[in-house]
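Geometric and topological summary
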Amino acid sequence: MSSERDVKKAQKGDKKAFVRIVKDAEEMLYKVASSILQNDDDCADAIQEAILKAYSSITTLRDVRIFKTWMVRIVINCSYEILRKNKKVIPMQEWMEPASPDDRSTFELKDALKSLEEDLRIPVTLYYLEEWNVREIAEAMEIPEGTVKSRLSRARHKLSQYLGSETEGSVQNGRKS
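Note that this is a predicted model, so its numbers are computed, not measured.

1. Structural notes on the overall build of the protein
- Helices and strands together make up the secondary structure of the protein, namely 10 helices and 0 strands.
- Listing every helix and strand of the protein by position from the N terminus yields α-α-α-α-α-α-α-α-α-α.
- Per-residue burial over the protein gives 40% buried out of 177 residues.
- Long-range contacts, defined here as pairs at least 24 residues apart, represent 64% of the contacts in the protein between residues at least 6 apart.

2. Some points on a negative patch on the surface
- Together, Asp40, Asp41, Asp45 and Glu49 give the surface a local cluster of negative charge.
- In this fold, aspartate 45 is placed in helix H3 (residues 40-57).

3. Comments concerning the nonpolar core
- Among the nonpolar cores identified, the biggest contains 49 residues, and Leu29, Ile58, Phe67, Trp70, Val72 and Leu126 are the most heavily contacted of them.
- Top element by residues in this core is helix H2 (residues 15-37). It accounts for 11 residues.
- Here phenylalanine 67 is in contact with Val7, Ile21, Ile58 and Leu61, once residues within four sequence places are set aside.

4. Looking at the packing of aromatic side chains
- Per the stated rule, a full pass over the model turns up 3 aromatic pairs.
- Between tyrosine 127 and tyrosine 128 the ring centres are 4.9 Å apart and the planes differ by 80 degrees, which places this aromatic pair in the edge-to-face class.

5. Description of helix H8 (residues 134-141)
- Those residues of H8 that fall on the buried side of the exposure criterion are Val134, Ile137, Ala138, Ala140 and Met141. Angularly, the buried residues of H8 cover 165 degrees about the axis, an arc narrow enough to put them on a single face.
- Turning to H8, the residues buried within the fold contact helix H4 (67-86), helix H7 (118-129) and helix H9 (145-163).
- Two or three places before arginine 135, at the opening of H8, asparagine 133 has a side-chain oxygen 3.1 Å from that residue's backbone nitrogen.
- One or two residues past the end of H8 sits glutamate 142, with phi positive at roughly 55 degrees.

What counts and what doesn't
Residues numbered from 1 in each chain as written. Predicted model: local features only at pLDDT ≥ 70, side-chain atom pairs only at ≥ 80, totals over all residues. Heavy atoms only, no water. Helix = DSSP H or I, 4+ residues; strand = E, 2+ residues; numbered from the N terminus. Buried < 20%, exposed > 50% of the residue type's maximum accessible area, 1.4 Å probe, protein only. Contact = heavy atoms within 4.5 Å. Patch = residues over 30% accessible without salt bridge, like charges linked within 9 Å, V, L, I, M, F, W, Y side chains within 5 Å. Areas by Shrake-Rupley, 256 points an atom, 1.4 Å probe, with all protein chains shown as cover. Salt bridge = Lys/Arg side-chain N within 4 Å of Asp/Glu carboxyl O. Lys, Arg positive; Asp, Glu negative; His and termini not counted. Charge placed at Lys NZ, Arg CZ, Asp CG, Glu CD. Core = buried A, V, L, I, M, F, W, Y, C linked by side-chain atoms within 4.5 Å. Phe/Tyr/Trp six-rings, centres within 6.5 Å; stacked < 30°, edge-to-face > 60°. Arc of directions from axis to C-beta. Polar contact = N/O pair within 3.5 Å; in protein donor to acceptor, adjacent residues only side chain to side chain.

As structure tokens, then:
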């Protein structure tokens, strides 16, 4: 796999390889950060800090296959650090754009995801939007696989309640746990 080669190159000091692997993970890192912080500026800060930390300690990564999991863990930690520093509530109006008729379902989905507690948003984001498996999520969040499955189940239930009974089947059957 080319990304594993790039991780190995980055560990040896290849800056271009590091940029490639970070660019590859950029969208996923943003989704994870935004599921915690809910503010674009804070997300950017968390991702930037995570990239700096990853760059300075990439040589400590023992298994190149888990680079993305490792990066997600760093982003989660950086996001929580910013959250602790801010200790403020951000009104939904600051981060939500008004919905146009064309993107109403996207708005509803974002709104539904944001209604979940933080401990449920991260697994849902990684599982459904990034298509990670339960084991990968458990490793990244440093929790047991059973906890991930239970959080996904609780999140599906809450999302089906939030989105209404007509979408309950599609939310639960979107992917198998």
